[in-house]
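Remarks on the overall topology
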Amino acid sequence: MQVTPLTPAIGALVEGVDLSQGVSADLAEALRQALLKHQVIFFEDQHLTPVQHRDFAARFGPLHTHPLYPGVPEAPELFILDNHAGNPTDNDAWHTDVTFIETPPMGSILYAKSLPPSGGDTIWANMKAAYEALSPTFQDFLSGLDAVHDFARGFPQRGIVANAAGAEKHARAMAEHPPVLHPVVRTHPETGEDGLFVNFGFTERIKGLRRKESDAILGMLFEHVTKPEFQVRWRWSDNAIAFWDNRVTQHYAVNDYLPARRVMNRATILGERPFHRSRKPAPALAAE
């Protein structure tokens, strides 16, 4: 296995691995270490069935089933992102996956099934680097805060995904996913390093601040994380795979290919409850 960094901050290409042959314990550990070091790792020219894709992801933890997106028939734990003129993407905003639950994913594995002639890249950003670029005084301030993450912010009732899923399914998902609290600065459970853990997609407000204060701080952070110095941009090829550490990254699906079609399958690996090393875990929001 060869691992080649793509930028100084984030991203590496993994070569010499055929994931269709199965993933041994040794290979899984080597990939985990590469993921921890580079935050997102990429594989080219992999030929996996949906079941193989699911089983590869399951080597790293239990899988999350998304409450709205359609599942893959052969492996319902996977879901389909099928975007075209009649179903434009909703992922063209910076976000960290599924932070609207108490135990957000540790990672996601995205597999390119059908690509547009050009465009459709995905960009990832390193939240450890983004945090470390802030002043020490601001770091300390943010480390004492919790933020509200809300399913309804990312999937509004009249949004693209909600409309495709149907009103009944969306209403059930809303009822099952009330807002949750997570620390604004999260300590990575494996590396022990701190990183920002707020994202435009799901973070609604900072607890304990007035709305204007919260909006000002979140607006600044949402802009800050988009600096090119924190990023890697991946140009997809047929049958390529991206595996990212959801605990320390955000990503953005570039929406520049319509009316062409782009089809991806994604597996999402559940993680643990976010925490900051100097504080107790955030309380349940209902206990406010």
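Criteria and cut-off values
Residues numbered from 1 in each chain as written. Predicted model: local features only at pLDDT ≥ 70, side-chain atom pairs only at ≥ 80, totals over all residues. Heavy atoms only, no water. Pairing = 2+ DSSP bridges. Helix = DSSP H or I, 4+ residues; strand = E, 2+ residues; numbered from the N terminus. Axes fitted to C-alpha atoms, helices over the stretch in contact; angles between N-to-C directions. Expected span 1.5 Å × (residues − 1). Buried < 20%, exposed > 50% of the residue type's maximum accessible area, 1.4 Å probe, protein only. Contact = heavy atoms within 4.5 Å.

1. Some thoughts on the sheet that holds strand β10 (residues 180-183)
Spatially, β10-β9-β13 is the arrangement adopted by the three strands of the open sheet, whose pairing is antiparallel. The open sheet has two free edges, formed respectively by β10 and β13 (203-206), since each of these has just one partner strand. The average undirected angle you get between the axes of adjacent strands in this sheet is 35°. As judged from the three bridges shared by strand β9 (residues 146-149) and β13, these two strands associate in the antiparallel manner. For histidine 149, the partnering residue across the bridge sits in β13 and is threonine 203.

2. Re helix α1 (residues 25-38)
Helix length check: α1, at 14 residues, gives a terminal C-alpha distance of 20 Å against a target of 20 Å (1.5 Å per residue), a fit within 8%. Listed as buried for α1 are Leu27, Ala28, Leu31, Arg32, Ala34, Leu35, Leu36 and His38. Just downstream of α1, glutamine 39 is the residue with a positive phi angle, here 70°.

3. Thoughts on the environment of serine 143
In this structure, serine 143 sits in helix α4 (residues 136-143). Given the relative accessible area of 9%, serine 143 is considered buried. The spatial distance from the C-alpha of serine 143 to the C-alpha of arginine 247 is 16 Å, given a sequence separation of 104 residues. In contact with serine 143, not counting residues within four places along its chain, are Tyr131, Val185, His276 and Arg279.

4. Remarks on the pairing of strand β8 (residues 122-126)
Among the five residues of β8, five are classified as buried, and the element is accordingly described as predominantly covered. Side-chain alternation along β8 places Thr122, Trp124 and Asn126 on one buried face and Ile123 and Ala125 on a second face that is also buried. Both β8 and strand β14 (residues 231-234) contribute to a ladder of four bridges, which runs antiparallel. Looking at β14, one finds that alanine 125 is bridged to glutamine 231.

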